Amino acid sequence: MNAPIIALDLPSMRSVETFLTRFGKQKLALKVGMQLFYKEGPPIIEKLKLAGHWIFLDLKLHDIPNTVKEAMKSLAALEVDMVNVHAAGGKRMMEAALEGLEAGLARGMTRPLCIAVTQLTSTSENMLKEELLIDEGIEQTVLHYAKLTNESGLDGIVCSSLETPFIKENIHDFITVTPGIRLTGDERDDQTRIVTPEKAKQLGSDYIVVGRSVTKSKNPLEAYERVELEWKK
Ligand code: C5P
């Protein structure tokens, strides 16, 4: 069973260090996103890897195939465990992402998992139609992008836990990584469709991403242990 991935949506290396002191020497699964990576750069990844943590570098690449390929070469050299792209970049771009990852790997290292964002959870049905001129509904669009991701050879997608059964019914051997996780009684914040870690597991998620339920808790270690307990049930 994979450990819950803690979203380190924190402003600096210092704030991350303070946060992690609560966990002692425990090896964790951590997600580093744009906020932290653009502030601290590769040294923060090196530091977290050195401490033995598993890292999902969430930079959601989306550019022309050659640029994504070269960028992925650089990310592979950081020896992270999971990276991602936007499926909207298309099949050729996603294939190029994998080529870059393979090309950038140090000898003997295994390729990081590479997943795609189908539609951001902030995208509404109305936005799809009015702003992006996409007439299909959210569910059909997510499935179409997921199939494209699978055909491109990537390992899976980021999606809501509530979409997981639908995705798994249609695509086999395909990972779902699901944010929008809250412990019972927590604030939902800006997430609209939330589930508990236990529910996410029942729905078939392969990995869960938990941010504020842990990072904003008065007792992050206790909150994390509650998430872990439900997830491993
Ligand atoms: O604090 P919270 O648990 O809502 O954090 C969820 C994390 O997952 C954030 O880092 C957010 O950017 C990320 N995420 C998401 N929905 C997506 C993709 C990523 O919430 N579709």
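Look a little higher up for the structure.
Attention in this report is confined to the structure presented alongside it. (Residues numbered from 1 in each chain as written. Predicted model: local features only at pLDDT ≥ 70, side-chain atom pairs only at ≥ 80, totals over all residues. Heavy atoms only, no water.)

**Side note on the overall build of the protein**
Each helix and strand in the protein was counted, giving 11 helices and eight strands. Expected size for 233 residues packed as a compact globule is a radius of gyration near 17 Å; at 17 Å, the protein falls within 12% of this value. Along the first, second and third principal axes, the C-alpha set of the protein runs to 45 × 45 × 30 Å. Relative to its 233 residues, the protein shows a buried fraction of 49%. Total accessible area on the protein is roughly 11,600 Å²; 50% of this is exposed by carbon and sulfur atoms. Both charge centroids of the protein, one from 29 positive and one from 33 negative side chains, sit 6 Å from each other. (Helix = DSSP H or I, 4+ residues; strand = E, 2+ residues; numbered from the N terminus. Rg over C-alpha atoms; globule rule 2.2 N^0.38 Å. Buried < 20%, exposed > 50% of the residue type's maximum accessible area, 1.4 Å probe, protein only. Areas by Shrake-Rupley, 256 points an atom, 1.4 Å probe, with all protein chains shown as cover. Lys, Arg positive; Asp, Glu negative; His and termini not counted. Charge placed at Lys NZ, Arg CZ, Asp CG, Glu CD.)

**Observations concerning the nonpolar core**
Grouped together as the largest cluster of nonpolar side chains are 51 residues, with contacts concentrated most on L57, M72 and V85. The element contributing the most residues to this core is helix α5 (residues 91–104), with five residues. Apart from residues no more than four positions distant in its own chain, L57 is found in contact with V32, F37, I45, L75, L78, V80, M82, V83 and N84. Of all hydrophobic cores here, the second largest spans 12 residues; its members include A7, V117, Y207 and V209. (Core = buried A, V, L, I, M, F, W, Y, C linked by side-chain atoms within 4.5 Å. Contact = heavy atoms within 4.5 Å.)

**Describing the sheet that holds strand β1 (residues 5–7)**
In space, the eight strands of this closed barrel follow the order β1-β2-β3-β4-β5-β6-β7-β8, with parallel pairing throughout. Mean inter-strand twist for the sheet, computed between neighbouring axes without regard to direction, equals 25°. Taken together, the two bridges between strand β7 (residues 175–178) and strand β8 (residues 207–210) define a ladder with parallel strand orientation. Opposite V177, over in β8, you have Y207 as the bridge partner. The strands touched by helix α3 (residues 42–50) within the sheet are β2 (29–33) and β3 (54–61), with β3 carrying the most contacts at an inclination of about 155°. (Pairing = 2+ DSSP bridges. Axes fitted to C-alpha atoms, helices over the stretch in contact; angles between N-to-C directions.)

**Regarding the environment of V32**
Among the secondary structure elements, V32 is positioned in strand β2. For V32, a relative accessible area of 0% puts it in the buried group. Taking the C-alpha atoms as reference points, V32 and L143, 111 residues apart in sequence, are found 26 Å from one another. Residue contacts for V32: discarding those within four places in its chain leaves L8, F37, I45, L48, I55, F56, L57 and D58.

**Quick notes on the pattern of salt bridges**
Under the criterion given, the structure shown has 18 salt bridges. Its salt-bridge partner being K47, residue E17 comes within 2.8 Å of it at the nearest N-O pair. Residue E17 is found in helix α1 (residues 13–21), and its partner K47 is found in helix α3; the two are separated by 30 residues along the sequence. Judged by relative accessible area, K47 falls into the partly exposed class, the value being 45%. What emerges from the salt-bridge pattern is a single network uniting K69, K91, R92, E95 and E99. (Salt bridge = Lys/Arg side-chain N within 4 Å of Asp/Glu carboxyl O.)

Everything listed here is a matter of geometry and, on its own, says nothing about what the molecule does.
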